[in-house]
Amino acid sequence: KKVIFSGIQPSGDLTLGNYLGAIKNWVKLQDEYDCYFCVVDLHAITVKQEPKDLRRRTLELLSIYIASGIVPEKNTMFIQSHVPQHSEAAWLLNCFTYMGELSRMTQFKDKSAKSGSSVAAGLLNYPVLMAADILLYGTDLVPVGKDQKQHLELTRDIAERFNGIYSPTFTIPEPYIPEAGAKIMDLQEPSKKMSKSADNPNGFILIMDPPDVIKKKINRAVTDSLGIVKYTDDQPGVKNLINILSVIKGITPMEIENYYQGKGYAEFKNDVAEAIIGELSPIQEKVKELITNKEYLQSIYKSGAEKARYVANKTLRKMKKKIGFIPEE
Ligand code: AQP
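**Some thoughts on the domain arrangement of the protein chain**
By domain assignment, the protein chain separates into domain 1 (3-177 + 293-323) and domain 2 (201-288). Measuring from the centre of the C-alpha atoms in domain 1 to the corresponding centre in domain 2 gives 30 Å. Taken residue by residue, the interface counts 12 residues in domain 1 and 14 residues in domain 2. In total, domain 1 and domain 2 occlude about 1200 Å² of area from one another, counting both sides; carbon and sulfur atoms represent 77% of this. Broken down residue by residue, the surface that domain 1 buries against domain 2 is led by L16, Y19 and A67, which jointly contribute 43%. If you look at where domain 1 meets domain 2, you find one salt bridge. Note that K24 and E279 form a salt bridge whose closest N and O atoms lie 3.0 Å from each other. For the pair domain 1 and domain 2, the interface holds four residue pairs in polar contact (both at pLDDT 80 or more). Those elements giving two or more residues to the side of domain 1 that touches domain 2 turn out to be α1 (16-29) and α3 (51-67).

Here it is, written out as structure tokens:
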């Protein structure tokens, strides 16, 4: 079986973008692939986190994975900081990555601009940790949203560099970017991606937002004065809503355009809101139930980490040997 690795940071409450761009697709992949789904808490601390929020979000994120349909028995689900091999491999790979490569990353440029004068070195090194995550498991495919494509290309470059200096060690991973849902945009500024750390909460829908909040945010979503439901770059707000409806309903943007011919934005927005509520409500119910069952969650992340450590350690030992470190035994 081919190997899949993917993860989400518990750096904020999860958005519809994270769900449609990542989790919803993972669910479809679990039967065909050997999947590792990680809660990447080490990545989350590249920006400031409140300890109690980080704890809450980490368990909530794991609950969302399960509630969305990722079956614990079929996949390896774990918390990144429970597998110390990630940090260790990241250090090694740091020494095979150039400063220029890291400072060119769009995410670094965006986030460091937001952090002002105190940018953590971890933010620059973020993609190296991501490379470690992926390469430790011999990953073939990485299902991510479009925003992560650049980081994945860097992972491939680092892996090829290491393989070239020593001998083939890492599998070169491919991005797996879904056509639909690859980039859900901010509801208020549809030129920007929907992001869990955005400042304006009207710009994003959270997976845990109650129905009335979802309705309100969709109603307020920026559209235009043209009044036609058309899938075009000239109407980025409407296009984004069509995308959302299309992914949830599994129908094409063209079918949506046809259906709403002659109908106004009010009806369209109402249907988008209902579709989101219909998709998220059952997940929310399950998350609320799971989150109270700490023992069950622990049993999942414990056995996941055990399995992950075993595989990760094998790769790490290989890396160290090739670099020239003396094995302990
Ligand atoms: N707007 C989006 N549309 C589609 N996919 C998205 N993803 C994120 N935003 C969208 C995908 O979600 C996964 C998890 O992302 P992450 O938590 O590792 O970090 P991120 O990509 O930086 O996501 P956010 O929500 O923007 O987080 P913050 O604000 O903390 O940086 C990835 O597969 C990503 O592609």
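**What about the nonpolar core?**
Within soluble globular proteins, side chains that are nonpolar tend to cluster in buried spots. With 59 residues, the main nonpolar core has I23, Y65, I218, I244, F268 and I276 as its most contacted residues. Structurally, this core is a two-domain feature, drawing no fewer than three residues from each of domain 1 (3-177 + 293-323) and domain 2 (201-288). Apart from residues no more than four positions distant in its own chain, I244 is found in contact with L16, L20, I184, L187, V272 and I276. Within the second largest apolar cluster, 40 residues are counted, among which are V83, F96, Y137 and F162.

**Thoughts on helix α8 (residues 149-165)**
For an α-helix, the turn length of 3.6 residues means that residues three or four places apart are oriented alike. The first and last C-alpha atoms of α8 sit 25 Å apart over 17 residues, in line with the 24 Å expected at 1.5 Å per residue. Residues H151, L152, L154, T155, I158, A159, R161, F162 and N163 constitute the buried set of α8.

**Considerations on the site of the ligand**
Around the ligand sit 24 residues, and of these K111, D147, S195, K196 and S197 come closest. Measuring from an oxygen atom of the ligand, one finds a backbone N or O atom of Q9 at 3.0 Å. A distance of 3.0 Å is found between an oxygen atom of the ligand and a side-chain nitrogen or oxygen belonging to Q148. In isolation the ligand has 640 Å² of accessible area, and contact with the protein removes 98% of it. Elements represented by at least two residues in the shell around the ligand include exactly β1 (3-8), α1 and α6 (106-115). If one sorts the elements of the shell around the ligand by residue count, α1 sits on top with four residues. Considered class by class, the residues forming the shell around the ligand number seven nonpolar, 12 polar and five charged.

The rules behind the values
- Residues numbered from 1 in each chain as written.
- Predicted model: local features only at pLDDT ≥ 70, side-chain atom pairs only at ≥ 80, totals over all residues.
- Heavy atoms only, no water.
- Domains from an automatic or database assignment.
- Contact = heavy atoms within 4.5 Å.
- Buried area = accessible area lost by both parts, 1.4 Å probe.
- Salt bridge = Lys/Arg side-chain N within 4 Å of Asp/Glu carboxyl O.
- Polar contact = N/O pair within 3.5 Å; in protein donor to acceptor, adjacent residues only side chain to side chain.
- Helix = DSSP H or I, 4+ residues; strand = E, 2+ residues; numbered from the N terminus.
- Core = buried A, V, L, I, M, F, W, Y, C linked by side-chain atoms within 4.5 Å.
- Buried < 20%, exposed > 50% of the residue type's maximum accessible area, 1.4 Å probe, protein only.
- Expected span 1.5 Å × (residues − 1).
- Near = heavy atom within 4 Å.
- Areas by Shrake-Rupley, 256 points an atom, 1.4 Å probe, with all protein chains shown as cover.
- Nonpolar A, V, L, I, M, F, W, Y, C, P; charged D, E, K, R; others polar.

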